[in-house]
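# A look at the structure
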Amino acid sequence: MNVKLTSEREVLDYFASEANRFASLGSVSRVHKLSGGYANYVYRLILDDSSSSLVLKHFSTHVASAQYVPMSPERYFVEKRALQLAQQCIDPAELIRTPRIVAFDDDLFALILEDCGDQLRALTDLLKSSYDDSSDSTDELIARIIRDTKRFLNRINDMVNADDSHRAVFSQTPYWTTLNENFPHIIQALVDKFQDFKQPLEQSFLGKHKQFVQPLANAHFVHGDLWSNSFLIDFEKQIVWLLDWEASRLDTEWRDLQTICSSLWLMRENEKLFSSKRINHLLRRLQLEFLGDESADWRRETGENVRDNFLLVLSYALLTEDNLEANLANPTMTGLKALAEFKDI
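Read on for an overview of the structure. (Residues numbered from 1 in each chain as written. Predicted model: local features only at pLDDT ≥ 70, side-chain atom pairs only at ≥ 80, totals over all residues. Heavy atoms only, no water.)

## Things to note about the packing of helix α4 (residues 136-161) against helix α9 (residues 276-291)
The cut-off we apply is this: Whenever a helix is involved, its axis is fitted only over the stretch in contact; in every case the axis is a line through C-alpha atoms, and angles between N-to-C directions fall within 0 to 180 degrees. Counting from the N terminus, the helices are DSSP H or I runs at least four residues long and the strands are E runs at least two residues long. Here is the rule for angles: anything less than 35 degrees is roughly parallel, anything more than 145 is roughly antiparallel, 65 through 115 is roughly perpendicular, and the remaining ranges are oblique. In a left-handed crossing the near helix is turned counterclockwise from the far helix by less than a right angle, and in a right-handed crossing that turn is clockwise. We call two residues in contact when some of their heavy atoms are within 4.5 Å. We call Asp, Glu, Lys and Arg charged. Ala, Val, Leu, Ile, Met, Phe, Trp, Tyr, Cys and Pro are nonpolar, and the rest, Gly among them, are polar.
Across the interface, α4 lies against α9 with an axial gap of 9 Å and an inter-helix angle of 30°. Between α4 and α9, the angle falls in the class roughly parallel. For the pair α4 and α9, the crossing hand works out as right-handed. Two secondary-structure elements touch here, α4 through T138, D139, I142, A143, I146, R147 and K150 and α9 through R278, H281, L282, R285, L286, E289 and F290. A per-class count over the contact of α4 with α9 returns 6 nonpolar, 2 polar and 6 charged.

## Some points on the environment of E253
For E253, the location among the structural elements is in the loop between β13 (249-251) and α8 (255-269). Separated by 35 residues in the primary sequence, E253 and N218 place their C-alpha atoms 9.0 Å from one another.

## Quick look at the sheet that holds strand β1 (residues 28-33)
Definition in use: We treat two strands as partners when DSSP finds at least two bridges between them.
Judged by pairing direction, the sheet is antiparallel, and its 5 strands sit side by side in the order β1-β2-β3-β8-β7 without closing on themselves. Only two strands of the sheet have a single partner each, and these edge strands are β1 and β7 (101-105). Along the sheet, successive strands turn relative to each other by an average axial angle of 25°, direction set aside. Judged from the 6 bridges that link them, strand β2 (residues 41-47) and strand β3 (residues 53-58) form a sheet pairing that is antiparallel. Residue pairing in the sheet places V42 in a bridge with K57 of β3. The strands that helix α1 (residues 8-17) touches are β1, β2, β3, β7 and β8 (110-114); relative to β1, the one it contacts most, it runs at about 150°.

## Overview of the side chain of T259
Mapped onto the elements of the fold, T259 is located in helix α8. Contacts of T259, omitting those with residues within four sequence positions, involve L226, N309 and V313.

## Re the packing of aromatic side chains
Note the threshold: The aromatic pairing rule takes the rings of Phe, Tyr and Trp, using the six-membered ring of Trp, and pairs them if the centres are within 6.5 Å, calling planes under 30 degrees apart stacked, those over 60 edge-to-face and the rest tilted. The buried label goes to any residue with under 20% of its type's maximum accessible area, the exposed label to any with over 50%, and the partly exposed label to all in between, with areas taken from a 1.4 Å probe on protein chains only. For a Lys NZ or an Arg CZ to count as sitting over a ring, it must be within 6 Å of the ring centre and within 35 degrees of the ring normal.
The final tally for this structure, using the stated rule, is 16 aromatic pairs. Ring plane angle 50° and centroid distance 5.3 Å describe the contact between F15 and F22, whose orientation is recorded as tilted. Note on accessibility: F15 and F22 belong to one class, buried. For the ring pair W298 and F342, a centre distance of 5.8 Å and an interplane angle of 50° mean the geometry is tilted. Taken together, the positions of W298 in the loop between α9 and α10 (306-319) and F342 in helix α11 (residues 331-342) put the pair 44 residues apart, joining distant regions of the chain. Residue F342 is classed as buried on the basis of its relative accessible area of 0%. Through pairs of rings, three or more aromatic residues link up here, namely F59, Y76, F77 and F109. Here the basic side chain of K150 rests over the ring of F290, its NZ or CZ set 5.4 Å away from the ring centre.

So yeah, pure geometry; function would need other evidence.
This is the structure we're talking about:
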């Protein structure tokens, strides 16, 4: 039977047909597709008592928001293993949590997860100029989030490197292989949209591009897609959920720092929407926790692949119209500034 999970109706039919298999979960009475799922199909499952819910995450053979872009569903197994390990690394004295896997379907590449709740604020929200809390407590919270995230990732890294079976899973790179294959097309799309980018890209970037997937000695476990929207804050319970682990892999230890700092660089350029003061505070905390010095320069101290990582984030921001970083007053000028600033890195 060719089962699909790409619509609310298909998800509801799936649970109706698999009622015996998922009997311990209760009956699913309603399904709501959640926003924010760029690569995957994500739904909230309302159970029959209407007082409890779960989340279903389906890893399809394509990018959910761009169905013409193929992507291996094998990334499901990466997120599954990452979440299983992450549960063992939670320290109740720290902020960071990950959703627990309640059930799964390996054949359909579907995870059924604990629902983190619907009254959460993304870390991105705290960086907005409109955020109404300008007290020191917000800066302290940001500092704790970054400190606890670094400790959390280090504990997972220790577990991964102590077990060859874990290393095998995170040496597989379905997510990054897709990026490698599509990187030339992404850059071409950037040039097609912004003709002024053609010359600086050809002169300073394209000839130096290295594969995103490379064998590395002493590789480090990384989240792989770390940015401010990866963090959802529950102020009532005083915990922070760290989501979206499908890009996890063994990589250079600086990958996560490069990704989140690249994103923050672009967000800071959007002065109407974001607070540069708070972003600068976050950047200093990241450099302190990852580099040991808050005054360090992440662009110059995290290896030469920082250029490609930044270019990937820049491309996503400027080519994805609903992306927060993309709401810039002058995208062309921002892009040219970015290319000029990173050309000699």
